[in-house]
Amino acid sequence: MIILKYIIICLVFLISFLIGNIISKRYTLRVNELKDFKNALNIIENKIKFTYEPLPEIFMQTSKLLSENISKIFINASSYMKELSSQEAWDKSLNESNTYLNKDDIENIKGFGKMLGKTDKGGQVSHLELTKTFIDIQIEKAQTEEIKNSKMYKSLGAIVGLACVIILI
């Protein structure tokens, strides 16, 4: 019976610790996704400047170079562009996405879709640069939050686990 009690105590501590680490990891993943999205914008900008490929094709090629969550946004947008306007396809793809980005990130990224396919190369490139500037700001905020909150949630998970162990003993 005592062995079962110690096993349960260890499991409670381990689960609390893991929950803290999972919450902490979300901040790191958000930073990585923002950086990945900025990388995607750089690729798209270069393809718009130097190729004459249609936007859906550019999105499909770009998606192959990105992480899974961000890649799905571009894949979905590319397929939706067959039926919808560029902006509608982009917004629908972002709304359906499963990422670690927060609402501010999504709103800044939605701004990118407003000018897709509506202006000439120069207009689209300048709009891409503006979106990259917004993403740079979001990356800085996300890194600050990561530094602040990542340690806190890891520690909080361990402390809650230890508190539960003390209560159960």
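Draft legend 1. Fine view of the nonpolar core. If you look at the biggest cluster of nonpolar residues, it comprises 30 residues, and the most contacted ones within it are Phe 37, Ile 44, Phe 59, Phe 74, Trp 90 and Phe 112. Contributions of two or more residues to this core are made by α1 (2-50), α2 (55-63), α3 (68-80), α4 (86-96), α5 (103-114) and α6 (121-168). Top contributing element to this core by residue count: α1, with seven residues. In this view, Phe 37 contacts Ile 70, Phe 74, Trp 90, Ile 109 and Ile 135; residues no more than four positions away in its chain are not counted.

Draft legend 2. Quick peek at a nonpolar patch on the surface. Judged by side-chain polarity, Ile 3, Ile 7, Leu 11, Leu 14, Ile 15, Phe 17, Leu 18, Ile 19, Ile 22 and Ile 23 come together as a nonpolar surface patch covering roughly 910 Å² of accessible area. One can find Ile 15 in helix α1. You can call Ile 15 partly exposed: its relative accessible area is 47%.

Draft legend 3. Local environment of the environment of Ile 19. In this fold, Ile 19 is placed in helix α1. Separated by 134 residues in sequence, Ile 19 and Tyr 153 have C-alpha atoms that sit 8.5 Å apart.

Draft legend 4. Looking closely at the packing of α3 against α4. Contact geometry for α3 and α4: axes closest at 8 Å, N-to-C directions at 140°. By the angle class used here, α3 and α4 are oblique. The interaxial crossing formed by α3 with α4 has right-handed handedness. Contact with α3, carried on its side by Lys 72, Ile 73, Phe 74, Asn 76, Ala 77 and Tyr 80, involves Ala 89, Trp 90, Lys 92, Ser 93, Leu 94 and Glu 96 of α4 and no other residues of that element.

Reading guide: rules and limits
Residues numbered from 1 in each chain as written. Predicted model: local features only at pLDDT ≥ 70, side-chain atom pairs only at ≥ 80, totals over all residues. Heavy atoms only, no water. Core = buried A, V, L, I, M, F, W, Y, C linked by side-chain atoms within 4.5 Å. Buried < 20%, exposed > 50% of the residue type's maximum accessible area, 1.4 Å probe, protein only. Helix = DSSP H or I, 4+ residues; strand = E, 2+ residues; numbered from the N terminus. Contact = heavy atoms within 4.5 Å. Patch = residues over 30% accessible without salt bridge, like charges linked within 9 Å, V, L, I, M, F, W, Y side chains within 5 Å. Areas by Shrake-Rupley, 256 points an atom, 1.4 Å probe, with all protein chains shown as cover. Salt bridge = Lys/Arg side-chain N within 4 Å of Asp/Glu carboxyl O. Axes fitted to C-alpha atoms, helices over the stretch in contact; angles between N-to-C directions. Parallel < 35°, antiparallel > 145°, perpendicular 65-115°, else oblique. Left-handed = near helix turned anticlockwise from the far one by under 90°.

That's the geometry; what it means functionally is another story.
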